[in-house]
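Listed here are the chains, written in short residue letters.
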Amino acid sequence: MKKQRVPKRVVGRRELVDFPQFDIQGVEAKVDTGAYTGAIHCSNIHVEQLPDGRQILRVQLLDDSHPNFNGRAMYFANFGLRDIKSSNGDVQERYVIQTVIRLFNEDYVTEFSLSDRSDMRYPVLIGRLLLRRGRFVVDVARRNLSAKFQHTANQAHP
């Protein structure tokens with residue numbers, strides 16, 4: 001018996017996403033088919049050495065311009081360091097984490113590089129890795145399809 005594939009779902013060029021593990025909702029994300037991994041805006045990114053010799057990554061997600069910013073530090077025991085090529089062709093060494101992102105009321109585990117995106121319009125970038133894993137196709141003429149879906153789903157199930 002042939003396994004049925006999950007149908008593809010359309011996302012717009014911009015989407016409102018949630019990060020349930022961080023208790024952060026409604027972050028505006030740019031869908032970027034030119035980026036492999038996603039990216040999240042962070043500040044105060046540094047590695048700390050624990051007394052037992054292990055290293056943890058300490059960051060602040062988003063910044064005070066986002067309504068859900070709480071200023072508290074986030075810690076990651078599982079992280080990597082990777083060369084990431086930016087849109088202008090520069091290669092930067094960035095920390096990479098795996099976390100859960102929510103689109104269309106579904107959770108997807110994917111990779112995000114952590115970088116200062118304060119000079120960018122959108123604090124989150126969604127890359128091809130998530131688009132492929134979630135079986136998403138991009139309609140550049142649309143936006144916030146996930147948020148509209150969630151609003152409709154919430155009205156259907158009061």
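Looking at an unreviewed UniProt entry, one finds the protein chain named RimK/LysX family protein, with Hymenobacter cellulosilyticus as its source organism.

Asker: I'd like to hear about the packing of aromatic side chains, residue by residue, with values.
Answerer: Working definition: an aromatic ring pair is given by the centre-to-centre distance plus the angle between the planes. Evaluated as defined, the whole model comprises six aromatic pairs. With centroids separated by 5.6 Å and ring planes inclined at 70°, the aromatic side chains of phenylalanine 19 and phenylalanine 112 adopt a geometry described as edge-to-face. Of the two residues, phenylalanine 19 sits in strand 1 (residues 9-19) while phenylalanine 112 sits in strand 8 (residues 106-115), which places them 93 residues apart along the sequence. Here phenylalanine 19 and phenylalanine 112 have matching classes, each one buried.

Asker: Account for the confidence of the model for the protein chain, naming residues and giving values.
Answerer: Mean pLDDT over the protein chain stands at 89; residues scoring 70 or higher make up 93%. Mean pLDDT per element in the protein chain: helix 2 (residues 145-156) is the minimum at 66, and strand 9 (residues 124-126) is the maximum at 96.

Asker: Pulling in residues and values, what's your account of the UniProt feature "domain: Retropepsin-like aspartic endopeptidase" (unreviewed entry) in the protein chain?
Answerer: Mapped onto this structure's residue numbering, the UniProt feature "domain: Retropepsin-like aspartic endopeptidase" (unreviewed entry) falls at residues 10-146. For residues 10-146, helix accounts for 6% and strand for 58%, while the C-alpha atoms at its two ends are 9 Å apart.

Asker: With reference to specific residues and values, describe the nonpolar core.
Answerer: Core analysis: the biggest nonpolar cluster contains 29 residues, and Phe19, Phe22, Leu61 and Ile126 have the highest contact counts within it. The element contributing the most residues to this core is strand 2 (residues 24-31), with four residues.

Asker: Hey, could you go over the pattern of salt bridges for me, with residue numbers and the actual values?
Answerer: Per the counting criterion, the structure on display carries five salt bridges. Across the pair arginine 82 and glutamate 111 runs a salt bridge whose closest N-O atoms are separated by 3.0 Å. Of this pair, arginine 82 sits in strand 6 (residues 80-85) while glutamate 111 sits in strand 8; the two residues are 29 residues apart in sequence, bridging distant segments of the chain. For arginine 102, the salt bridge identified is with aspartate 107, shortest N-O distance 2.6 Å. Overall, the relative accessible area of 26% leaves arginine 102 in the partly exposed class.

Asker: Now, about unusual backbone geometry: what can you tell me, with residues and values included?
Answerer: The phi torsion at asparagine 44 lies on the positive side, around 50°, for a residue other than glycine. With respect to the helices and strands, asparagine 44 occurs in strand 3 (residues 38-49). The exposure class assigned to asparagine 44 is partly exposed, which follows from its relative accessible area of 43%. Within the chain, asparagine 144 stands out as a residue other than glycine whose phi angle is a positive 55°. As for its position among the elements, asparagine 144 is in the loop between strand 10 (136-143) and helix 2. On the basis of relative accessibility, which here comes to 18%, the residue asparagine 144 falls in the buried class.

Analysis parameters
Residues numbered from 1 in each chain as written. Predicted model: local features only at pLDDT ≥ 70, side-chain atom pairs only at ≥ 80, totals over all residues. Heavy atoms only, no water. Phe/Tyr/Trp six-rings, centres within 6.5 Å; stacked < 30°, edge-to-face > 60°. Helix = DSSP H or I, 4+ residues; strand = E, 2+ residues; numbered from the N terminus. Buried < 20%, exposed > 50% of the residue type's maximum accessible area, 1.4 Å probe, protein only. pLDDT = per-residue confidence, 0-100. UniProt positions renumbered as here; feature names shortened; annotations may be inferred. Core = buried A, V, L, I, M, F, W, Y, C linked by side-chain atoms within 4.5 Å. Salt bridge = Lys/Arg side-chain N within 4 Å of Asp/Glu carboxyl O.

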